[in-house]
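# A structural walkthrough
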Amino acid sequence: MSKDNTPHDKGLFAIAFKAIGFAWRTDRKTFLLLILLNVFNGSIVYLQFTSFSAIVDDIIAIKQGTSTMNDLIRSAVILGLSFLVPTLLANLVGFLRTKFRMAQDLYLDMYRVDKQSALDIGTIESSSYQNLLRSAHEWGTNSILGLQDFVFTSASSFAGIFTSMIILWSLSPWLVLFAALAAAPIYFFYKKYSMEVFRIRWLSIEDYRVISNRLSHFEEMQKAVDLILLKLKDWFRGQIYDRLSNYNSKVIRAERKKSLSYGVLSLWYLLFLFAAIALMTKQSLTGSIAVGALLLAFNTYTRFYQTVNGYIESISITEESSRYAARWFDLFALEPKLTSSPNAMRVKFEQPPRVEFRNVSFRYPGEDAESPLVVKNISFTISPGEKIAIIGVNGSGKTTLIKLLCRTYDPTEGQILVNGVDLKDINLRDWQSAIGVLFQDFPLYHLTIRESIGLGNILTPVDESKMAEAARYSGADEFIETFPRKFDQLIWKEFREGTDLSKGQHQRLAVARMFYRNAAITILDEPTASIDAVTEEKIFSSLEENMEGKTVILITHRFSSVKNADKILMLEQGHIIEQGSHKELMALNKKYAALYTMQASRYLQEDES
């Protein structure tokens, strides 16, 4: 990074070669064919110039009696073909480019899915990964596809530049010198302007994230309701206006510089154009070249400049594209930090295992500085089939403990043992298959109800009876039965015959997903936060009655939900301060007993009210 936090260029051609690798792996035959066709189209335009100059010379020669109509007809036929063939080829190139682009889109999306899904959860949760992902999304994967298009542009442009140089050299070596000098400053002009615009965009990324967030208050339903009720329109509008105005003023200043520079560049080009015209006019007047050659020189010279100008402009745009494409390649280069060791034990957990936390401490990986310990020297055991409750205030380490159990992260200190084996020595996929976890911030799937519940155990054939049973255990059957299409109801109101669910209904569906998974260890993080008391009682009764023999770990703030747990762990600031059954903890008459009594009295007051 530079001092102003603008990323350093990684090299247009280095990034372009990576993009070409994707193109090559997608369809190498079509890729090569498109390059050849672009080379041909880049050269054939000069056949139009030469054939037209030949027609002019033939007409003059016929008037002078030194040529025949056959020569004129031949030149006219060549001129006609020089227009017809590129037109036909342009249609073919357009079709092939569209077909190739669609294949590239598909390949790139699938590659992206494979690479990102292979990352571990700890990497995905990191701020550096999220910042890199947001930066890559500024242009999307079109930045990579744009680099591949640059290859075809280069083929056509190089063919045109090479052909024009040959024609100009054949007329006069001075024309080559004039053309080269006229085109020389173009690259530096576009490179400077491109980098300046990129810097403006890069340094404005944070502004645009804020703007996007502020605009969401006018588009998302819940935010829009608050905006109207709380009269927030003017405040949000002011923030959007100020940031956009600031960004626009920067771009306008850059455009002003570009306009002035381009004026100077145009004068420089005209200087050498007039020199070339003067040279060719003199040679034509002295008879050293024909009149048609004068036309050929003028057309070739101006075409050469246009080709160089267009190509260098495309380099400038492609350089900017490469800076964004580099973010994608940085993402693709990421490797999961947490993987199974080569000698990891393969285990099929048909029965719940014994799990032991032994002196476990953990701090989240710090990207700038070492972060404090979140879990501190924790030890406890979960016996097979035991029902465990983990309670504590926000920030006490409850969810972190579960992430360690799921092996989202490895402990900073200590060990987690599964049937006496260090969790690090067990195959990660096997361990994840043994766990069903429902976090408090669960995803909302836009699927049918059948598909949504079925995701809980996607690797096995759908079992309709178990699915209906899972819905009944979670209380989801109550609203599923109200839909005409029952389990085939689509949960996506933007689609025809689709519908939406309340947050509580979504949570019941998520709980049903865990019942359907029927894992050896089921972990529920605040599973009833959005559910009414009646349904909550039904879910907890189902957990007790229908998860017999399975290990269940419940994280909750509601002490009334944990009375029947075999063991309760109470966390505070990363430590276990109390553990035991409800009866044992009440007998201790410490913090758990005080908090339980306080919550119970509040519920009684609410009932009386």
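Given the structure is predicted, the values throughout are model-derived calculations rather than measurements. (Residues numbered from 1 in each chain as written. Predicted model: local features only at pLDDT ≥ 70, side-chain atom pairs only at ≥ 80, totals over all residues. Heavy atoms only, no water.)

### Considering the overall build of the protein chain
For the record, the criterion: Secondary structure elements follow DSSP: runs of H or I no shorter than four residues count as helices, runs of E no shorter than two count as strands, and numbering proceeds from the N terminus. Using C-alpha atoms as the atom set, the radius of gyration is obtained and then compared with a globule rule of 2.2 Å times the number of residues to the power 0.38. Partly exposed describes any residue whose relative accessible area lies between the buried limit of under 20% and the exposed limit of over 50%, with all areas from a 1.4 Å probe on protein chains only and scaled to the type maximum. The contact rule is simple, with two residues in contact once any of their heavy atoms fall within 4.5 Å. Using a 1.4 Å probe, accessible areas were evaluated by the Shrake-Rupley method; residue-level cover was limited to the displayed protein chains.
Helix and strand content of the protein chain: 20 helices and 10 strands. Here the C-alpha radius of gyration of the protein chain, 35 Å, is well above what a compact globule of 609 residues would show, namely 25 Å. For the C-alpha atoms alone, the extent of the protein chain along its principal axes is close to 120 × 55 × 50 Å. When burial is assessed residue by residue, the protein chain has 45% of its 609 residues classed as buried. A fraction of 76% describes how many contacts in the protein chain between residues 6 or more apart in sequence connect residues 24 or more apart. When the accessible area of the protein chain is evaluated, it comes to approximately 32300 Å², of which 59% is carbon and sulfur surface.

### Thoughts on unusual backbone geometry
Phi angles above zero are rare outside glycine, and Lys486 is one such case at about 50°. When its relative accessible area of 32% is taken as the criterion, Lys486 is described as partly exposed. For Asn589, which is not glycine, the phi torsion reads 55° and is therefore positive. Secondary-structure assignment places Asn589 in the loop between helix H19 (582-588) and helix H20 (591-608). Asn589 gets classed as exposed once you look at its relative accessible area, which sits at 62%.

### Concerning helix H15 (residues 464-474)
Formally: Summarising the geometry, the arc corresponds to the directions from the helix axis toward the C-beta atoms.
If you check which residues of H15 are buried, you get Met467, Ala470, Ala471, Tyr473 and Ser474. One side of H15 holds all its buried residues, which, seen down the axis, span an arc of 160°. Directly after H15, the chain includes Gly475, whose backbone phi takes a positive value near 85°.

### With respect to the sheet that holds strand S7 (residues 521-525)
Heads up, the rule is: Following DSSP output, two strands are said to pair if at least two bridges run between them. All axes are obtained by fitting lines to C-alpha atoms, using only the stretch in contact for helices, and the reported angles, taken between N-to-C directions, cover 0 to 180 degrees.
Sheet architecture is open: 6 strands sit in the order S6-S7-S8-S3-S9-S10, paired in mixed fashion. Unpaired on one side and paired on the other, strand S6 (435-438) and strand S10 (575-580) mark the two borders of the sheet. Strand after strand, the sheet turns through a mean of 15° between neighbouring axes, direction not considered. As judged from the 5 bridges shared by strand S9 (residues 567-572) and S10, these two strands associate in the antiparallel manner. Its bridge partner lying in S10, Ile568 is registered against Gly580. Sitting on the sheet, helix H12 (residues 398-405) is in contact with strand S3 (387-391), S6, S7, strand S8 (551-555) and S9, with an inclination near 150° to S8. Its contacts with the sheet put helix H17 (residues 503-517) on S6 and S7, and the angle it makes with S6 is roughly 175°.

### Quick notes on the confidence of the model for the protein chain
Spelled out, the test is: A residue's pLDDT is the confidence the predictor assigns to it, expressed on a 0 to 100 scale.
Of all residues in the protein chain, 90% attain a pLDDT of 70 or more, and the chain-wide mean is 81. A low-confidence stretch, residues 1-10 (pLDDT under 50), is modelled with 23 contacts involving residues beyond four sequence positions or located in other chains.

### Section: the pairing of strand S1 (residues 355-362)
Within S1, 6 of the 8 residues are buried, which leaves it mostly tucked inside the rest of the structure. Summarising the sheet, S1 and strand S2 (residues 375-382) pair through 5 bridges and their orientation is antiparallel. Bridge pairing in S2 places Phe362 opposite Val375. Looking at chain direction, S1 and strand S4 (residues 413-418) are connected through 5 bridges and run antiparallel. Bridged to Ser361 within S4 is Glu413.

### Looking at the side chain of Asn38
Locating Asn38 in the fold gives a position in helix H2 (residues 28-64). Of the residues examined, Asn38 reaches a relative accessible area of 11% and is grouped as buried. Look past the residues within four positions of Asn38 in its chain and what remains in contact with it is Arg97, Phe152, Ala155 and Ser156.

### Description of the pairing of S8
Counted residue by residue, S8 has 5 buried out of 5 residues, so it is predominantly covered. Along S8, one buried face is formed by Thr551, Ile553 and Ile555 and the opposite face, lined by Val552 and Leu554, is buried too. One ladder, built from 4 bridges, connects S3 with S8; its direction is parallel. In the sheet register, Lys387 faces S8, and the bridge partner there is Val552. Of the strand pairs in this sheet, S7 and S8 are connected by 5 bridges, and their pairing is parallel. Each residue of the ladder has a partner; that of Leu524, found in S8, is Leu554.

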